[in-house]
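Here is how the chains run, residue by residue.
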Amino acid sequence: MTNAEAMRLLRVLKDAKPIVNVELEVSGHKITQEDLELLEAIREKGSIRRVSAEHNVSYRTIWLRIKRMEDELGFNLVKREKGGLGGGKVILTLQAQILTEKYRVLSKLVQKRIRETDLSPTLRISGSDCPGVELLIHLYEEKGKVAEYLKVGSQLGLELLVNGYSDLAGIHIIDPDTGEYNTHVMRKKLYQGLVLIHGYWREIGFIVEKGNPKNIQSPKDLLRSDVVLANRNKGSGTHLFTQYLLREISREIGSPIQALTRRIRGYSSEYYSHREAALAVLMKKADVTIGPRWVADELGLEFIPLAREKFDFVTRKEFLKKDAIRDFISLLQSQQFKEEASKKGIYISLQTGTLLNK
């Protein structure tokens, strides 16, 4: 999916509304919306055969379903009435009528409450995939709030922030010329009015099979004909880091970057998350990917460190007054986050949670 396609999808989803199927729990047994709609259909048609024909469900299946509900609830739901001018028919018992009416009222109340409730998350985060962000969201939601986290890569995360689809973007964008992280992005005219919140450091390196059977040790090994790379998507921080490595090789051996990329098998592949790329290694579709240590640990793969990268957060200057952003920054600076993050190979500094260009 391209960035433009992702933006189109988000525009469509902006007007999405939830459809809720209400279920009832009676005497410890779950009665589904489908069960209750079946009873309503029998009440309306007065015949199980008619319901069977209209819904293309066998007569036996309907009877077995009714019997199962009756056994669980401990009372009859339908009864047969014989003869008369209109012939025999099946009607709902008084208990079934009470049950369906209770359901109708509760369903109406639930739908009304949903229409009246603001279902928007109190904090919307976009950007790169990181367990540090997931941990911060966990801590945030422990306070009874809800956060949305779109793992779309650093560059698209910034685009979503600029275009009003998120409140915060998590980024790790390296300058291929200088090795500088994130601060160079804030100097671009497009991002005027944005503020950089210092985040944390995390290890990035090669992720390979256990035992490293291809003996991949340095960036130059990516140029070998027997090595296949699972590359991240364009615009992701890791894709930019890969370009930085190639620029270093280019300077060392005097070969243009374009020529180097043509030599790398799998360079044109695009995986949209660290885990997806690492799974390609685990499933032997690739020999190596570049990503953070936590992904290798999670999947039981081997990790060869290459560098520490800076993971920061960006928001709009006016959003600094929002309670959600203030709460997030407070959690970022908290002792609880520091202790939990260290278990995931995330390193906090004295600058964590401070603003670069307020």
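Residues numbered from 1 in each chain as written. Predicted model: local features only at pLDDT ≥ 70, side-chain atom pairs only at ≥ 80, totals over all residues. Heavy atoms only, no water.

## With respect to helix 12 (residues 323-332)
No. 1: The set of residues buried in helix 12 consists of Ala324, Ile325, Phe328, Ile329, Leu331 and Leu332. Projected down its long axis, helix 12 carries its buried residues within an arc of 160 degrees, all on one side.
No. 2: Here the buried face of helix 12 lies against strand 5 (123-127), helix 6 (131-141), strand 7 (168-171), strand 8 (194-208), strand 11 (302-316) and helix 13 (335-342). (Buried < 20%, exposed > 50% of the residue type's maximum accessible area, 1.4 Å probe, protein only. Helix = DSSP H or I, 4+ residues; strand = E, 2+ residues; numbered from the N terminus. Arc of directions from axis to C-beta. Contact = heavy atoms within 4.5 Å.)

## Here's the deal with a nonpolar patch on the surface
No. 1: Nonpolar side chains collect at one region of the surface, where Val105, Leu106 and Leu109 lie side by side and expose about 240 Å² of accessible area between them.
No. 2: For leucine 109, the position within the fold is in helix 5 (residues 94-116). (Patch = residues over 30% accessible without salt bridge, like charges linked within 9 Å, V, L, I, M, F, W, Y side chains within 5 Å. Areas by Shrake-Rupley, 256 points an atom, 1.4 Å probe, with all protein chains shown as cover. Salt bridge = Lys/Arg side-chain N within 4 Å of Asp/Glu carboxyl O.)

## Some points on unusual backbone geometry
No. 1: Positive phi values are uncommon outside glycine, yet asparagine 182 reaches one of about 70 degrees.
No. 2: Tracing the sequence through the fold places asparagine 182 in the loop between strand 7 and strand 8.
No. 3: Given a relative accessible area of 0%, asparagine 182 falls into the buried group.
No. 4: In the Ramachandran plot, asparagine 215 falls in the positive-phi region, its phi being about 50 degrees despite a non-glycine side chain.

## Things to note about the nonpolar core
No. 1: Counting 61 residues, the largest nonpolar core has Val133, Leu158, Tyr200 and Phe313 as its most contacted members.
No. 2: Broken down by element, this core gets its largest block of residues, eight residues, from strand 8.
No. 3: With 21 residues, the next largest nonpolar core counts Leu36, Ile62, Ile66 and Leu99 among its residues. (Core = buried A, V, L, I, M, F, W, Y, C linked by side-chain atoms within 4.5 Å.)

## With respect to the packing of helix 3 (residues 48-55) against helix 4 (residues 59-73)
No. 1: At their nearest, the axes of helix 3 and helix 4 sit 9 Å apart, and the two run at 115 degrees to each other. The handedness of the crossing between helix 3 and helix 4 comes out as right-handed. Across the interface between the two elements, Ile48, Arg49, Val51 and Ser52 of helix 3 pack against Tyr59, Ile62, Trp63 and Ile66 of helix 4.
No. 2: Split by residue class, the contact of helix 3 with helix 4 holds six nonpolar, one polar and one charged. (Axes fitted to C-alpha atoms, helices over the stretch in contact; angles between N-to-C directions. Left-handed = near helix turned anticlockwise from the far one by under 90°. Nonpolar A, V, L, I, M, F, W, Y, C, P; charged D, E, K, R; others polar.)

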